[in-house]
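Residue-level structural notes
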Amino acid sequence: MISRIGDELMFNTQALELRARRQEVLAANLANAETPNYKSRDFDFGAALRAATGTPEVDAAQAPLRMSATDARHLRGDAGDGLPVALKYRTPAQASIDGNSVDPDLERTRFADNALRYDAALRMLNGQIQTLQRAIQNN
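First, a word on scope: everything that follows refers to the structure included in this document.

Some thoughts on the overall build of the protein
When helices and strands are tallied, the protein shows three helices and two strands. Listed N to C, the secondary structure of the protein is α-β-α-β-α in terms of helices and strands. Of all 139 residues assigned to the protein, the portion counted as buried reaches 26%. When the accessible surface of the protein is split by element, carbon and sulfur atoms take 55% of a total near 9700 Å².

Have a look at this one:
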């Protein structure tokens, strides 16, 4: 019974964790908008969520590569807090003289969009928890 409750909450929990991770990546891009040779980074949220929840990939060619360790002393190669996030460099629409690929307007738009989606996922998770609380109290 408890594992079923955890399974019900897992999707929105994973979505929240990935949204938070993406917010960090986008914030780093904005913070380095004036840094010479800084390359803007991001990840495919949909693919990362499918990987985090165990949903099969639609296209196996786009699955993130996993590093293998041949020795117990090797460092783990995954990004983030154990989340299946494959950071990629973004191709700039217009090249800059100093080699920086951050488009501040685009980054602010993505940052705001991600923040709204984070808020929506948080509201969904809160709604699920409140529904479970009501169900427990009524029994």
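After that view of the structure, there is still more to cover.
Quick look at the packing of aromatic side chains
Applying the stated criterion to the full structure yields zero aromatic pairs. The ring of Phe45 carries Arg19 above its face, with NZ or CZ at 3.6 Å from the centroid. In this structure, Arg41 is placed above the aromatic ring of Tyr89, and the distance from its NZ or CZ to the ring centre is 4.8 Å.

A look at the side chain of Ser40
Mapped onto the fold, Ser40 is located in the loop between helix H1 (2-31) and strand S1 (41-42). Note on Ser40: relative accessible area 0%, which makes it buried. A distance of 2.7 Å separates a polar atom in the side chain of Ser40 from a polar atom in the side chain of Glu107. Those residues in contact with Ser40, other than ones at most four positions away along the chain, are Asn29, Lys88, Tyr89, Arg90, Ser101, Val102 and Glu107.

So, the pattern of salt bridges
With the rule as written, the count across this model stands at seven salt bridges. In this structure, the salt-bridge partner of Arg123 is Asp119, at a minimum N-O distance of 3.0 Å. A residue pair is termed a helical-turn pair when its members lie 3 or 4 positions apart in one helix, as Arg123 and Asp119 do in helix H3 (residues 104-138) at four residues. On the basis of relative accessibility, which here comes to 32%, the residue Asp119 falls in the partly exposed class. Here the residues in one salt-bridge network are Arg22, Asp42, Arg90 and Glu107, joined through shared partners.

Description of helix H2 (residues 45-53)
Taken together, the buried positions of H2 are occupied by Phe45, Ala47, Ala48, Leu49, Ala52 and Thr53. Two or three places before Gly46, at the start of H2, stands the capping residue Asp44, its side-chain oxygen 3.2 Å from that residue's backbone nitrogen. Immediately beyond the C-terminal end of H2, within one or two residues, lies Gly54, with a positive phi of roughly 80°.

Focus: the nonpolar core
Ranked by size, the top nonpolar core spans nine residues in total: Ala15, Leu18, Val25, Phe43, Phe45, Ala48, Leu49, Ala52 and Val85. Those elements that place two or more of their residues in this core are H1 and H2. If you tally residues by element for this core, the top one is H2, at four residues.

A closer look at the environment of Asn29
Take Asn29: it is sitting in helix H1. For Asn29, a relative accessible area of 0% translates into the label buried. In the structure, Asn29 is positioned 82 residues away from Phe111 in sequence and 9.8 Å away in space, judged by C-alpha atoms. Those residues in contact with Asn29 that sit more than four places away from it in its chain are Tyr38, Lys39, Ser40, Arg41, Arg90, Val102 and Glu107.

Reading the values: rules and limits
- Position labels on residues start from 1 in each chain and follow its written sequence.
- Two thresholds apply to this predicted model, a pLDDT of at least 70 for residue-level local features and 80 or more for giving and counting side-chain atom pairs, whereas whole-chain, interface and lining totals are computed over all residues.
- For the side-chain quantities, the full set of heavy atoms in the structure was used; hydrogens and water were omitted.
- Per the convention used, a helix needs a DSSP run of H or I reaching at least four residues, while a strand needs a run of E reaching at least two, with both numbered from the N terminus.
- Under the scheme applied here, a residue whose accessible area is under 20% of the maximum for its type counts as buried, over 50% as exposed, and between as partly exposed, the area being computed with a 1.4 Å probe on protein chains only.
- For every accessible area listed, the method is Shrake-Rupley and the probe measures 1.4 Å; residues are considered covered only by the protein chains on display.
- Ring geometry is summarised as follows: Phe, Tyr and Trp rings, the Trp one being its six-membered ring, pair when their centres sit within 6.5 Å, and such pairs are stacked at plane angles under 30 degrees, edge-to-face over 60 and tilted between the two.
- Lysine NZ or arginine CZ positioned within 6 Å of the ring centre and within 35 degrees of the ring normal marks a charge as sitting over the ring.
- Under the rule applied, a polar contact is a pair of N or O atoms within 3.5 Å (in protein, one hydrogen donor and one hydrogen acceptor; residues adjacent in sequence only if both atoms are side-chain atoms).
- Contacts are assigned to residue pairs with any non-hydrogen atoms lying within 4.5 Å of each other.
- Every case where a carboxyl oxygen of Asp or Glu lies within 4 Å of a side-chain nitrogen of Lys or Arg is listed as a salt bridge.
- Think of a nonpolar core as a cluster: buried Ala, Val, Leu, Ile, Met, Phe, Trp, Tyr and Cys residues, connected wherever their side-chain atoms sit within 4.5 Å.

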